[in-house]
Amino acid sequence: MSANIMTLTRHIIDEQYKYPEATGEFTNLMNDICFAAKRISYHTNKAGLLDVLGETDLINVQGEKVQKLDVFAHDTMVKALDHGGNLCCMASEEEEGIISIPEQYPIGKYVCLFDPLDGSSNIDANVSVGTIFSIYKRITDDDKPGTIEDCLQPGHQQVCAGYVVYGSSTMLVYTTGNGVHGFTLDPSFGEFVLSHPNIKIPDRANIYSVNESNFDYWDNNVKNYIRYVKATDEKTNRPLNSRYIGSMVSDIHRNLLYGGIFLYPASSKAQNGKLRLIYEANPMAFIVEQAGGRASNGHGDIMQIVPKELHQRVPLFIGSKYDVVMVEEFIRGERES
Ligand code: P6P
């Protein structure tokens with residue numbers, strides 16, 4: 001094995017050296033997230049053996065049944081991040097309001113928003129799931145606890161975004177605005193090792209990912225786009241392959257590597273789609289656009305949207321730039337085939 005292994009910790013420190021004013025707070029915060037990811041990975045991979053399968057009798061703020069592993073992942077993220085002195089507050093998809101830093105711990109200059117276990121309804125079927133995180137600098141007074149204002153920043157203000165996909169191996173993929181880098185957890189010595197430097201998404205999709213059972217409930221322009229990608233035309237490499245896991249982190253991770261477009265449109269059943277702006281759409285948008293792709297709500301950049309509430313949902317079209325631009329043309333009615 002080559003001596004110059006690039007671990008996630010080393011990569012983050014190298015990133016820190018690019019910013020002379022860096023204090024090391026961000027590096028410490030990322031190391032805390034890295035610890036949480038390792039712990040969630042262990043429990044996710046052992047779910048069948050530990051008492052963490054199945055549902056609790058709780059319903060979360062999203063109105064979804066709370067899986068035991070949801071609770072574990074949420075608690076692991078909060079306890080890993082609440083004492084390091086790097087955050088002024090945090091917010092979780094699993095909790096209604098913002099999460100304050102306990103009084104006994106120092107307040108930091110960052111905010112972390114996360115979906116602790118996305119796709120968790122798939123856990124009992126051993127389908128890949130993921131953790132998504134998004135980091136901003138606080139915008140309120142430095143010496144006071146963070147507020148909801150610190151959490152409702154537009155996605156283009158993110159200083160870091162990342163996800164962990166717990167699949168055949170555990171991978172952490174992140175960006176700080178200097179490209180997208182993937183690290184695979186080596187369980188033999190418990191380190192995330194650089195395995196996918198400078199990930200770039202293919203400009204054109206080979207795959208489309210959408211839950212087609214919602215077809216009848218979509219706007220006709222969206223229906224026209226799905227009809228387009230399914231039509232046979234060798235010159236334009238159609239039909240695209242349909243791949244949908246129902247676990248966004250896994251679907252977008254695959255599309256990031258192979259080229260693809262992921263769609264969760266608005267529908268007559270869900271006026272703003274299903275996915276959450278600050279916990280899912282914004283971090284994935286930062287990553288995919290840093291990899292050369294595009295993320296849109298169908299009418300404009302996801303990361304330009306100013307959030308109005310923590311659990312705000314947003315239609316999401318994300319992936320290979322050529323295809324996201326095309327679906328926007330369909331949605332504007334500029335093309336029908
Ligand atoms: P549907 C999982 O619950 C999730 O939030 C995403 O991970 C996934 O892409 C989506 O919902 C699946 O939703 O309606 O297709 O089952």
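### Focus on the site of the ligand
Then, number 1: In the vicinity of the ligand lie 13 residues, with Asp118, Asn211, Tyr244, Met248 and Tyr264 positioned nearest.
Then, number 2: Note that an oxygen atom of the ligand is positioned 2.5 Å from one of the side-chain N or O atoms of tyrosine 244.
Then, number 3: At 3.0 Å, a side-chain N or O of lysine 274 approaches an oxygen atom of the ligand.
Then, number 4: For the ligand, the protein covers 83% of the area, taking 400 Å² as the surface of the free molecule.
Then, number 5: Each residue belonging to the shell around the ligand can be placed in one class, and the counts come to five nonpolar, four polar and four charged.

### Re unusual backbone geometry
Then, number 1: Geometrically, the link from arginine 238 to proline 239 is a cis peptide bond, its omega value of 5° lying close to zero.
Then, number 2: For proline 239, the location among the structural elements is in the loop between helix 5 (220-230) and strand 12 (241-242).
Then, number 3: Of note, the phi angle at asparagine 198 is positive, near 50°, even though the residue is not glycine.
Then, number 4: Mapping asparagine 198 onto the fold places it in the loop between strand 10 (191-196) and strand 11 (207-209).
Then, number 5: For asparagine 237, which is not glycine, the phi torsion reads 55° and is therefore positive.
Then, number 6: Summarising the element assignment, asparagine 237 is placed in the loop between helix 5 and strand 12.
Then, number 7: For asparagine 237, a relative accessible area of 64% translates into the label exposed.

### A word on the domain arrangement of the protein chain
Then, number 1: As assigned here, the protein chain comprises domain 1 (8-196) and domain 2 (207-331).
Then, number 2: In this structure, domain 1 and domain 2 have C-alpha centres spaced 23 Å apart.
Then, number 3: Listed per partner, the contact involves 48 residues of domain 1 and 31 residues of domain 2.
Then, number 4: Interface of domain 1 and domain 2: buried area, both sides summed, is about 2,800 Å²; carbon and sulfur atoms make up 64% of it.
Then, number 5: Among the residues of domain 1 in contact with domain 2, Ile132, Leu152 and Tyr163 are the three that bury the most area, contributing 20% of the side total.
Then, number 6: We note a salt bridge from arginine 276 to glutamate 93, for which the minimum N-O separation is 2.8 Å.

### What about the pattern of salt bridges?
Then, number 1: Going through the model one piece at a time under the given rule, you end up with 13 salt bridges.
Then, number 2: Between glutamate 212 and lysine 230 there is a salt bridge, and its shortest N-O distance comes to 2.9 Å. Placement of glutamate 212 in the loop between strand 11 and helix 5 and of lysine 230 in helix 5 is noted, with a sequence separation of 18 residues between them.
Then, number 3: Of the charged contacts, one joins aspartate 251 and arginine 254 as a salt bridge, the two residues approaching to 3.1 Å between their closest N and O atoms. Here the residue aspartate 251 and the residue arginine 254 both occupy positions in helix 6 (residues 248-258), the gap between them amounting to three residues, near one helical turn. Comparing aspartate 251 with arginine 254 shows no difference in burial state: the two are buried.
Then, number 4: The structure contains a network of salt bridges with shared partners spanning Glu93, Arg276 and Glu280.

### Topic: the side chain of histidine 253
Then, number 1: Topologically, histidine 253 is positioned in helix 6.
Then, number 2: Setting aside its immediate chain neighbours within four residues, histidine 253 contacts Tyr163, Val165, Met171 and Val173.

### Things to note about helix 3 (residues 68-81)
At 3.6 residues per turn, the α-helix brings residues three or four places apart onto the same side.
Then, number 1: Its 14 residues give helix 3 an end-to-end C-alpha distance of 20 Å, which sits within 8% of 20 Å, the value for a rise of 1.5 Å per residue.
Then, number 2: When you tally the buried positions in helix 3, you get 10 out of 14 residues, the bulk of the element.
Then, number 3: Listed as buried for helix 3 are Leu69, Asp70, Phe72, Ala73, His74, Thr76, Met77, Val78, Ala80 and Leu81.
Then, number 4: Those residues of helix 3 that are buried are in contact with helix 2 (25-45), strand 2 (65-67), strand 3 (87-92), strand 4 (99-100), strand 5 (110-118) and strand 6 (129-137).

Calculation notes
- For every chain, the first residue of the written sequence is number 1, and numbering continues from 1 onward in sequence order.
- Selection of residues for local features in this predicted model requires a pLDDT of at least 70, selection of side-chain atom pairs for listing and counting requires 80 or more, and totals for whole chains, interfaces and linings are taken over all residues.
- In computing side-chain values, all of the structure's heavy atoms are included and hydrogens and water are not.
- A cutoff of 4 Å decides nearness: a residue is near a molecule or strand if any of its heavy atoms lies inside that distance of it.
- Counting of polar contacts relies on pairs of N or O atoms within 3.5 Å, with two restrictions inside protein: one atom must be capable of donating a hydrogen and the other of accepting it, and residues adjacent in sequence are counted only when both atoms are side-chain atoms.
- Each accessible area is a Shrake-Rupley estimate made with a 1.4 Å probe; only the visible protein chains count as cover when residues are assessed.
- Residues are grouped as follows: Ala, Val, Leu, Ile, Met, Phe, Trp, Tyr, Cys and Pro are nonpolar; Asp, Glu, Lys and Arg are charged; every other residue, Gly included, is polar.
- Strands are runs of DSSP state E lasting at least 2 residues, helices are runs of H or I lasting at least 4, and numbering of each runs from the N terminus.
- Each residue is placed in one exposure class: buried if its accessible area under a 1.4 Å probe, protein chains only, is under 20% of its type's maximum, exposed if it is over 50%, and partly exposed if it falls in between.
- Here the limits of each domain have been adopted from an automatic or database domain assignment.
- We call two residues in contact whenever any of their non-hydrogen atoms come within 4.5 Å of each other.
- Computed with a 1.4 Å rolling probe, the buried area is the accessible surface lost when two parts are put together, summed over both parts.
- Any carboxyl oxygen of Asp or Glu that lies within 4 Å of a side-chain nitrogen of Lys or Arg is treated as forming a salt bridge with it.
- Here, expected helix span is obtained from the residue count minus one, scaled by 1.5 Å.

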